[in-house]
Every structure is written in structure tokens, then in C-alpha cells.
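Summary of the model geometry
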Amino acid sequence: MILETHNSNLYFDGCDTIELAKEYGTPLFVMSETAIVDKCQELKKDFLSQYENTRVAYAAKAFLTTALCKILEREGFCIDVVSGGELYTCISAGFPSEKIEFNGNNKSEEEISMAIDYQVGRIIVDNPADYQVIQRIAREKQKKARILFRITPEIKIDTHAHISTGQKDSKFGVPLNDSIFYPLIQAAIESEYIEFLGFHFHLGSQIFDNQPYINATIKTLDLIEEVRKRYNYTIQELNVGGGFGIRYTEGDSPKPYSYFLEPVMKLIYEFFDSRDLKRPSVVIEPGRSFIGESGITLYTIGNIKEIPDVRTYVSVDGGMTDNIRPALYDAVYEGAIANKMNLERHKNVTICGKCCESGDILIKNLCVPNVERGDILTVFNTGAYCFSMSSNYNKNRLPAVVLTKEGKARLIVKRQSYQDLIERELV
Ligand SMILES: Cc1ncc(COP(=O)(O)O)c(C=O)c1O
Ligand SMILES: N[C@@H](CCCC[NH3+])C(=O)O
């Protein structure tokens, strides 16, 4: 059990969260190595060991640190990066470059050069212009770039519009218009500097239904068939992205990876087997589902303001600077007063941050026991897209991150200092 209560204190992965808050300060991200490794096991059981020639490329945008790179390397996973910064982090951590896959709708020339120089395993080409630059830089360097084309599968999903990517009107992916798509494929097949391996799609994030994956796979297999007919060329790899939903609140009912991937793999194998073709490699890119439930955030409660007959605002020492998701997507989180776990919860309050924004609300309605200044609030399941999207707004310092493992904790990211905040500034 990753969450337990002892003497009214919340324990996370065997560590007393109140002690963690004292030792490392707040706001504090606490990530459980135990939970991360369990997730690796789950992916191995449900996917990697079920099917040959499969890979998991963890979507680094959800959360990335050097320490995580080390865990992923040890577990044999790949990493999907989307920027020079993510790429640099992985390379600096000694992560094998051939296990890195580079996504992104507007990779800069510098980033593409880095990717080609480091010889990353895959570059996912996002659009025709991206292709032109990648092939030109590969030619200039006299190297061959191993690519997949990210397609826009034209599939709508049931999630927040801001995190939906597979619909036709999307900034991501190659449009499937014949006049755009096929010339691109032909160019890639013919280019000396490109090894065209296959297709990629990513539908969006926090998805609970497998039907969009099934529909997108069918659509991609149709394209594969058409490419075979037109160019006598069979792709070797298919990347079906990430997007698998997690549990933030009672209302979310996440499904196992197998629920999404079994029907997808069945379709792919049927297609290739029935044509007597070599089965392709299949890659997935989970971000949120890999890391989201492995992290919590700890805050110290400060001012409490009651507005009679309206609401009670309970302020914490962080906010939208360490979790922008409620403000950006109306994301809902659960939380608890970590030093009062045994007390009866009887009052609904609004948890707000310390930033100068009315939208800086972390939890709109949290039922708490008698809450006081100095109490420690924990917000659950903040492992994904909180630390990675954190900001210095109002010149707040970025929080520290600790990694726990069965009762032991170590600092993996230092809290920013005030000096850090002005380090890059010139007079
Ligand atoms: C290309 C790509 N792959 C993977 C992911 C990871 O998605 P998620 O964190 O929902 O699994 C994203 C983000 O949505 C993405 O854009
Ligand atoms: N940042 C988003 C997900 C975007 C996924 C990347 N395409 C979130 O917090 O839910």
C-alpha cells in the first residue's frame, strides 16, 4: 500500500509525509519509486511480455528528472521527448540515445540537429514542413534519420478540448488529405537520408474508452494498405501514442492497459498475418498513466478566510505555479489534511494558492476536519503535468522533489533559491 495512516499522519510509500514536509519544506513534490517500478511491472505484464517487438516510450513531458531517467533505463524503457531540453536531460543522465524518440510539431533546427547528432532512435515527423527540415539537416550531416510520420487520425475523443489532439482541426500530425499525405510518403520512401519506418498517432489525454484507439488503428491500417498498393512499401512500426486515463477522483474509472491494447494488437496482427507480412514493432507513449498516480504534493496551510454564507478559503504556500491543471483544464483533485487523517471531515472549503490570480484555486470543494494554519495539505495524484508545467509566476520558487522508496526518501530536485530566480538576469 502506497498510502497509509499512522498516528493520524499520512504515510506515503512508507514515509511520514509530515516529516518530509519538515525536512524538505513545502510545497514539495513526493514521487514514489515503488509505485513507478510497479507501473513498469504492470506495463511489462500487460503489454511488453504479451507481444514480441513492443516498446514503451515514456512521455517525458509528464514529468522528467535525471533520477527518473535512471529508473527508466534500468527497467529497459524508452523515452519520448519533445524538446531540446528534454533530450538534453536524458542524454546528460546517460540514457541511451537509441532509446529516445523525438516528437513535436515545431522542432527547431537546433533541436533536429541535436537529435540527429545524438542519433536518437526515432524522429516522429509531425507535418510536411517538419519533414523538409529533418531531411535537409540529415542530408547536410550525411546521416540517415529514422522516422515515423505522425498522422492526424481525425478521431474525436471525450476529454477536455485542450488535451484532445487527434481531431482533424489539430496542430498535431500530417493531415490525411491525399494531396498532402501521399507526396510526403513518396518523398520519404525515395530519400537517401530518411529511413521511413511507419506511422504514429496520439489521440489526446485522459481517455477511458478504447473505441477511439480501435478506430484510429483501423484508419492507420487502411493507410498502410494504401501505401502498400501505391508504393509496394510495407511499414515496420506503429506507434499508438499515450492518453490512457487515470483516477483523479471517485468519478474516474481507469482501465488496465490491456483493455486498450488487446483490441489494437489484435487488429494489427490480423492485418499483417492475413497478408503474410512481418508483424511490425508496436510502441506506446504513456505519460500520465505511467507517472500520475506515483506522486503527491505537500503544502503548508497559511491564511484561512471565512466569508460568512459564501465560502471558506484555505490558502496554501503553492498553487497554480506548481499545479496549473485546475486553472487550465478545470482539473479536479482530491486532497487531505495529512496531519489530521483520523479526524472527522465535516466542513467544505476551497483550497487556493498564493498567486495573484482569482483562478488560482487548487480544489474547489474539499471536505476537511478542523483546519488550522500550519497544517499540511496533501493533494493526491499530482505526479503528471504538475512539476513539469510548474512556473515562476510571481517569482515563486519551483518546489523541490523527493523520491521515496519503502520508507526512505532522497532529494532528486533541489528547491529553487531566490538567487536562482535572478541568476540569468542582466542589468
Ligand atoms: C505525442 C504524445 N505522446 C504521448 C503523450 C502522453 O499522453 P498521456 O500523458 O496522456 O499518456 C502526449 C501528450 O498528450 C503526446 O502528445
Ligand atoms: N498537460 C496536459 C496534457 C497534455 C498532454 C500532451 N499532449 C495535462 O496536464 O493534462
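For clarity, every value in this text was computed on a predicted model and none was experimentally measured.

Cut-off values and rules
- Residues numbered from 1 in each chain as written.
- Chains lettered and ligands numbered in written order.
- Predicted model: local features only at pLDDT ≥ 70, side-chain atom pairs only at ≥ 80, totals over all residues.
- Heavy atoms only, no water.
- Helix = DSSP H or I, 4+ residues; strand = E, 2+ residues; numbered from the N terminus.
- Rg over C-alpha atoms; globule rule 2.2 N^0.38 Å.
- Buried < 20%, exposed > 50% of the residue type's maximum accessible area, 1.4 Å probe, protein only.
- Contact = heavy atoms within 4.5 Å.
- Areas by Shrake-Rupley, 256 points an atom, 1.4 Å probe, with all protein chains shown as cover.
- Lys, Arg positive; Asp, Glu negative; His and termini not counted.
- Charge placed at Lys NZ, Arg CZ, Asp CG, Glu CD.
- Salt bridge = Lys/Arg side-chain N within 4 Å of Asp/Glu carboxyl O.
- Polar contact = N/O pair within 3.5 Å; in protein donor to acceptor, adjacent residues only side chain to side chain.
- Near = heavy atom within 4 Å.
- 1 Å grid on protein atoms, 1.4 Å probe; cavity = no way out; pocket = protein on both sides within 12 Å on 5 of 7 lines; lining within 4 Å.
- Sits in = over half its atoms within 2 Å of the grid points.
- Nonpolar A, V, L, I, M, F, W, Y, C, P; charged D, E, K, R; others polar.
- UniProt positions renumbered as here; feature names shortened; annotations may be inferred.
- Points joined across faces, edges and corners; volume = space filled by probe spheres on them.
- Phe/Tyr/Trp six-rings, centres within 6.5 Å; stacked < 30°, edge-to-face > 60°.
- Lys NZ or Arg CZ within 6 Å of the ring centre and 35° of its normal.
- Pairing = 2+ DSSP bridges.
- Axes fitted to C-alpha atoms, helices over the stretch in contact; angles between N-to-C directions.

**Some words on the overall build of the protein**
- On a plain count of helices and strands, the protein comes out with 12 helices and 20 strands.
- Against the compact-globule benchmark of 22 Å for 427 residues, the protein has a radius of gyration of 23 Å, which places it among compact chains.
- Here the C-alpha coordinates of the protein stretch approximately 70 × 55 × 40 Å along the principal axes.
- Taken over 427 residues, the protein has a buried fraction of 57%.
- In the protein, of all internal contacts separated by at least 6 residues, the share reaching a separation of at least 24 is 69%.
- When the accessible surface of the protein is split by element, carbon and sulfur atoms take 47% of a total near 18900 Å².
- One finds the centroid of the 49 positive side-chain charges in the protein at a distance of 2 Å from the centroid of its 58 negative side-chain charges.

**What about the side chain of Asp322?**
- In this fold, Asp322 is placed in the loop between strand 14 (311–316) and helix 11 (325–329).
- Summary of buried charges: Asp322 has no salt-bridge partner, and the nearest side chain of opposite charge, Arg415, is 8.0 Å away.
- Looking at Asp322, its side chain comes within polar contact range of the side chain of Tyr299, at 2.4 Å.
- Discounting residues that sit within four places of it in the chain, Asp322 has contacts with Pro27, Phe29, Thr297, Tyr299, Cys386, Phe387, Ser390 and Pro399.

**A closer look at the site of ligand 2**
- Near ligand 2, the surroundings consist of Lys61, Ile163, Arg288, Arg325, Tyr329, Tyr385 and Met389.
- Side-chain polar atom of Arg325 to an oxygen atom of ligand 2: 2.5 Å apart, as the coordinates give it.
- Tyr329 places a polar side-chain atom, nitrogen or oxygen, 2.9 Å from a nitrogen atom of ligand 2.
- The site holding ligand 2 turns out to be the largest pocket.
- Among the residues making up the shell around ligand 2, the classes are represented as four nonpolar, no polar and three charged.

**Topic: the UniProt feature "modified residue: N6-(pyridoxal phosphate)lysine" (unreviewed entry) in the protein**
- Taking the numbering used here, the UniProt-annotated feature "modified residue: N6-(pyridoxal phosphate)lysine" (unreviewed entry) corresponds to Lys61.
- As for its position among the elements, Lys61 is in the loop between strand 5 (54–59) and helix 3 (66–75).

**Some words on the layout of surface pockets**
- Taken as a whole, the largest pocket holds about 560 Å³ of empty space.
- What lines the largest pocket is a set of 25 residues, and nearest its centre among them are Lys61, Thr165, Phe172, His202 and Tyr385.
- Of the residues that constitute the lining of the largest pocket, the class distribution is seven nonpolar, 11 polar and seven charged.
- Taken as a whole, the second largest pocket spans an internal volume of roughly 350 Å³.
- Lining the second largest pocket are 18 residues; nearest its centre among them are Thr159, His160, Gln206, Phe208 and Asp252.
- In terms of residue class, the lining of the second largest pocket is built from nine nonpolar, four polar and five charged.

**Section: the UniProt feature "domain: Orn/DAP/Arg decarboxylase 2 N-terminal" (unreviewed entry) in the protein**
- As annotated in UniProt, the feature "domain: Orn/DAP/Arg decarboxylase 2 N-terminal" (unreviewed entry) corresponds to residues 42–291 in the numbering used here.
- In residues 42–291, the share of helix is 42% and the share of strand is 15%. The end C-alpha atoms are 12 Å apart.

**A few points about the packing of aromatic side chains**
- All chains considered together, the criterion is met by 19 aromatic pairs.
- Note on Phe196 and Tyr233: the rings are 5.3 Å apart at their centroids and 10° apart in plane angle, and the pair reads as stacked. With Phe196 in strand 10 (residues 194–200) and Tyr233 in the loop between helix 8 (211–231) and strand 11 (237–239), this pair connects stretches of sequence that are 37 residues apart. No difference in accessibility class separates Phe196 from Tyr233, as the two residues are buried.
- Every member of this aromatic cluster is reached through a ring pair, and the members are Tyr131, Phe149, Phe181, Tyr182, Phe196, Phe199 and Tyr233.
- In this structure, Arg230 packs its charged tip against the face of Tyr182, placed 3.7 Å from the ring centre.
- Sitting over the ring of Tyr269, Arg279 keeps its end group 3.7 Å from the ring centre.

**As for the sheet that holds strand 11**
- On the basis of which strands lie adjacent, the closed barrel formed by eight strands has the order 5-6-7-8-9-10-11-12 and parallel pairing. On average, each strand axis in the sheet is inclined to that of its neighbour by 30°, with strand direction left out of account.
- Across three bridges, strand 10 lies against strand 11 in parallel orientation. Within the sheet, the bridge partner assigned to Phe199 lies in strand 11 and is Leu238.

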